[in-house]
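Observations on chain architecture
As a plain string of letters, each chain reads:
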Amino acid sequence: MYLKTLHLRHFRNYREQQVEFLAPKTILVGENAQGKSNLLEAVELLATLRSHRALRDRELVLDNAQAGQIAAQLERDSGTVDLAITLRSNSRRTVSLNGETLKRQLDFLGIMNAVQFSSLDLDLVRGSPSERRNWLDTLLTQLEPVYAYILQQYNTVLRQRNALLKQQRSPHETWRVAEAAHPPDSTQLAIWDAQLAAIGCRVIRRRARVIERLAPLAQHWHQAISGSRELLEVRYAPNVQLGEDDPLLVQQAFLEKLQMRAIAEQHQGTTLVGPHRDEVEFTINQTPARQYGSQGQQRTLVLALKLAELKLIEAIVGEPPLLLLDDVLAELDLNRQNKLLDTIQDRFQTLITTTHLGSFDAQWLKSSQILTVEAGQISM
Amino acid sequence: MPGVGPKTAQRLALHILKRPEADVQALAQALLEAKQQVGFCSICFHLSAEPVCEICRASNRDPHTICVVADSRDVIALERTREYEGKYHVLGGLISPMDGMGPDQLNITQLVRRVNKQDIKEVIMAISPSVEGETTTLYVGQLLKPFTKVTRIAFGLPMGGDLEYADEVTLARAMEGRRELE
């Protein structure tokens, strides 16, 4: 797929900006805080409806503006599509496809695919499990848009169940009083349990499935980049063990674990069992990657994961996704840079941000479109 | 007011100003009367100007079937179909611990008492398939099962809809709720 144009209006620090992409590779060069990453963020939103940098839409809208818009023209094998997202500082966002507003945002997902690689992604190895879950969820949303709906349902059940547990929790000193005010409603809790298990099971199975397909790709790329015999393993470690891939068995295991942790849950007033506590483990030669190795080795790992993502999306969607390299190329040494660039070639449309062009291969610069970003304005 | 933006509100206000005084008087009177007189039916909790609503009083409706809904709006929607001949029960919301809504805040006890006391052959759960709706359906279902048959309305493709254009969630749901050809 190929992003032909991008139009930003009142988005972040852009007032009104039209960008045409004329080459498979575009390099956005500029000082810090000029809007390079904002442009990539706009593309990320088009692909996933999520931003890894913003919690609220308000942050995405230009200061003092009511609404901002991202519009794009995307070429796919099946034809050209117009995508648009309208973000509002005070109400819900709307999305439209070929000029028609979509009733469900779910229908917007999966039309444009992109893999984002920024310096923040190094947290994938070092950071908390939630970083890895987020990464996995974003990938899954692109591959199976319905997953966004399942995940949202799971989070709703989780929040409701936590609220119920909190209500029923009785602090020690006022134990009797609290007990009288809110007698534990075991019928209601059992129903939330059943829903948590049923929807949680769908989350777990989809996560397991995508890791199973991603792991061998990551292993291959890791070996190719490091040029060694180090063996990278990507393993899904669900909170509820996935013995056999049978929805009923998984649900049963889920419910059993809930029962086991029931007292702890009542005491803490929060849900302790479920995919919101999943982990993805990276090991190199059977040693956990976070303990293992230098920053360089961790970078190799993340790069391998990103290349695996590219290939997996291409295999499943049937078209090469976009690659967004946010300030990350300069952090890779020449050998890794070349591996990355060799893989991309002209197959994957790539948007790259950088503060200076010095670290790029001359040959490479020649074939790229170079845009300068300054204070929310882009010039050739 | 819900569903009315500033522009529409202005249009409505100007429209009222242009009407003859008698019309405005009648409207104001109607609003006042509605506020003063409309309350809840003491049996089914549907909106009603009388202590017992029209549907509960109707003698030509099947008294052995109760359709359970979340809100009075749902009664109005179902009534438009003219397909349903039984009675209703309005819960007045859905179970949602986040909003402090538990079974005690809903008209559930009254429903159980109704089913318990009267000769009810079937209770139909007609509640939206959201996470909260599902919990409410299952909760009420469990309470009523010892007394009567509990069913739920089907979820699936809209009439006149095209299978090809249906989303995955709806299709999966429709597949789940499939039934044998008669």
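Residues numbered from 1 in each chain as written. Chains lettered and ligands numbered in written order. Predicted model: local features only at pLDDT ≥ 70, side-chain atom pairs only at ≥ 80, totals over all residues. Heavy atoms only, no water.

Residue and element names in this part refer to chain A. The biggest cluster of nonpolar side chains holds 88 residues, and the ones touching the most others in it are V234, F254, F282, L305, L325 and L340. If one sorts the elements of this core by residue count, helix α6 (residues 186-226) sits on top with 17 residues. The contacts of L305, once residues within four sequence positions are left out, are L124, W135, L214, A218, V234 and F282. Among the nonpolar cores identified, the runner-up in size contains 43 residues, and L49, F108, L109 and I111 belong to it. (Core = buried A, V, L, I, M, F, W, Y, C linked by side-chain atoms within 4.5 Å. Buried < 20%, exposed > 50% of the residue type's maximum accessible area, 1.4 Å probe, protein only. Helix = DSSP H or I, 4+ residues; strand = E, 2+ residues; numbered from the N terminus. Contact = heavy atoms within 4.5 Å.)

Our focus in this paragraph is the sheet that holds strand β12 (residues 322-326) of chain A. Residues and elements named next belong to chain A. Spatially, the six strands line up as an open sheet ordered β8-β12-β13-β3-β14-β15, and their pairing is mixed. Pairing within the sheet leaves two strands with one partner each, and these edge strands are β8 (114-118) and β15 (377-379). With strand direction ignored, the average angle separating the axes of adjacent strands in the sheet is 20°. In the packing of helix α9 (residues 295-317) onto the sheet, contacts are made with β8 and β12, and the angle to β8 comes to roughly 170°. (Pairing = 2+ DSSP bridges. Axes fitted to C-alpha atoms, helices over the stretch in contact; angles between N-to-C directions.)

Here we come to the packing of helix α4 (residues 146-168) of chain A against α6(A). Geometrically, a packed helix pair is captured by the angle between its two axes and the distance between the axes. Residues and elements named next belong to chain A. Two elements in contact, α4 and α6, have axes separated by 9 Å at closest approach and are oriented at 150°. Here α6 runs roughly antiparallel to α4, going by the angle between their axes. Considering the relative orientation of α4 and α6, their crossing is left-handed. In contact with V146, Y147, I150, L151, Q153, Y154, V157, L158, Q160, R161, L164 and L165 of α4, α6 contributes Q188, L189, W192, D193, Q195, L196, I199, G200, R202, V203, R206 and R207. Counted by class, the contact of α4 with α6 contains 14 nonpolar, five polar and five charged residues. (Parallel < 35°, antiparallel > 145°, perpendicular 65-115°, else oblique. Left-handed = near helix turned anticlockwise from the far one by under 90°. Nonpolar A, V, L, I, M, F, W, Y, C, P; charged D, E, K, R; others polar.)

Side chains three or four residues apart in an α-helix point the same way, a direct result of the helix having 3.6 residues per turn. Residues and elements named next belong to chain B. What helix α5 (residues 108-117) keeps buried is the set I108, L111, V112, R114 and V115. An end-on view of α5 places all buried positions within 160° of arc, on one side of the element. Contacts made by the buried residues of α5 are with β3 (65-69), β4 (87-90), β5 (122-125) and α6 (131-144). (Arc of directions from axis to C-beta.)

With that out of the way, let us pick up the domain arrangement of chain A. All names here are of chain A. One can read the domain layout of chain A as domain 1 (1-113 + 320-380) and domain 2 (122-318). Between the C-alpha centres of domain 1 and domain 2 the distance comes to 29 Å. Of the roughly 2100 Å² buried between domain 1 and domain 2 on both sides combined, carbon and sulfur atoms contribute 64%. The interface formed by domain 1 and domain 2 includes one salt bridge. A salt bridge links E314 to R347, with the nearest nitrogen and oxygen atoms 1.9 Å apart. Linking domain 1 to domain 2 there are six residue pairs in polar contact (both at pLDDT 80 or more). Of all the elements in the fold, those that place two or more residues in the side of domain 1 that touches domain 2 are α1 (36-48), β12 and α10 (334-344). Here the element with the most residues in the side of domain 1 that touches domain 2 is α10; it accounts for five residues. (Domains from an automatic or database assignment. Buried area = accessible area lost by both parts, 1.4 Å probe. Salt bridge = Lys/Arg side-chain N within 4 Å of Asp/Glu carboxyl O. Polar contact = N/O pair within 3.5 Å; in protein donor to acceptor, adjacent residues only side chain to side chain.)

The next subject is the domain arrangement of chain B. Parsing chain B into structural domains produces domain 1 (6-37) and domain 2 (58-180). In this structure, domain 1 of chain B and domain 2 of chain B have C-alpha centres spaced 36 Å apart.

The next point concerns the interface of chain B and chain A. With 16 residues of chain B at the contact, the number on the chain A side is 19 residues. Surface buried jointly by chain B and chain A totals about 1600 Å² across both partners, of which 66% is contributed by carbon and sulfur atoms. Inspection of the chain B/chain A interface yields zero salt bridges. Counting the contacts that link chain B with chain A gives seven residue pairs in polar contact (both at pLDDT 80 or more). At the level of elements, α6 and α7 (168-176) of chain B are the ones that each hand at least two residues to the side of chain B that touches chain A.

Residues and elements named next belong to chain A. Every second residue of strand β14 (residues 369-374) is oriented toward a common face, the buried set being Q369, L371 and V373 and the non-buried set I370, T372 and E374. Of the strand pairs in this sheet, strand β3 (residues 25-29) and β14 are connected by four bridges, and their pairing is parallel. By the bridge assignment, T26 is partnered in β14 with Q369. Bridge count for β14 against β15 is three bridges, and the pairing is antiparallel.

Our next topic: the sheet that holds β5(B). Residues and elements named next belong to chain B. Ordered in space as β4-β3-β5-β6, the four strands form an open sheet in which the pairing is parallel. The open sheet is flanked by β4 and β6 (149-152), the only strands paired with a single partner. Sheet twist, expressed as the mean angle between neighbouring strand axes with direction ignored, is 25°. Bridge analysis of β3 against β5 gives four bridges, and the strand direction is parallel. Pairing of C67 across the sheet is with I124, part of β5. Along the sheet, α5 contacts β3, β4 and β5; its crossing angle with β4, the most-contacted strand, is approximately 150°.

Once that is clear, we can look at the pattern of salt bridges. When the charged atoms of two side chains with opposite charge come close together, those side chains can pair. For the structure shown, the criterion picks out 28 salt bridges over all chains. Among the salt bridges present, the one from E16(A) reaches R9(A), with a minimum N-O distance of 3.6 Å. Using a relative accessible area of 48% as the deciding quantity, one classes E16(A) as partly exposed. When its relative accessible area of 33% is taken as the criterion, R9(A) is described as partly exposed. K121(B) is the partner of D119(B) in a salt bridge, and the nearest nitrogen-oxygen pair spans 3.4 Å.

Looking now at the packing of aromatic side chains. The geometry of two aromatic rings is summed up by the distance between their centres and the angle between their planes. Within the structure shown, the criterion is met by two aromatic pairs over all chains. Judged by centre distance (5.1 Å) and plane angle (65°), the rings of Y84(B) and Y88(B) are edge-to-face. Exposure class is identical for Y84(B) and Y88(B). Each is buried. Its end group placed over the ring of F348(A), R347(A) keeps NZ or CZ at 5.6 Å from the ring centre. (Phe/Tyr/Trp six-rings, centres within 6.5 Å; stacked < 30°, edge-to-face > 60°. Lys NZ or Arg CZ within 6 Å of the ring centre and 35° of its normal.)

What follows deals with the pairing of β8(A). Looking along a regular strand, one sees side chains alternate from face to face of the sheet. Residue and element names in this part refer to chain A. Counting buried residues in β8 gives five out of five residues, a clear majority hidden from the surface. In β8, alternate side chains face the same way, and those of A114, Q116 and S118 on one face and V115 and F117 on the other are all buried. Pairing geometry for β8 and β12, over five bridges, is parallel. Bridging from a neighbouring strand, Q116 pairs with L324 of β12.

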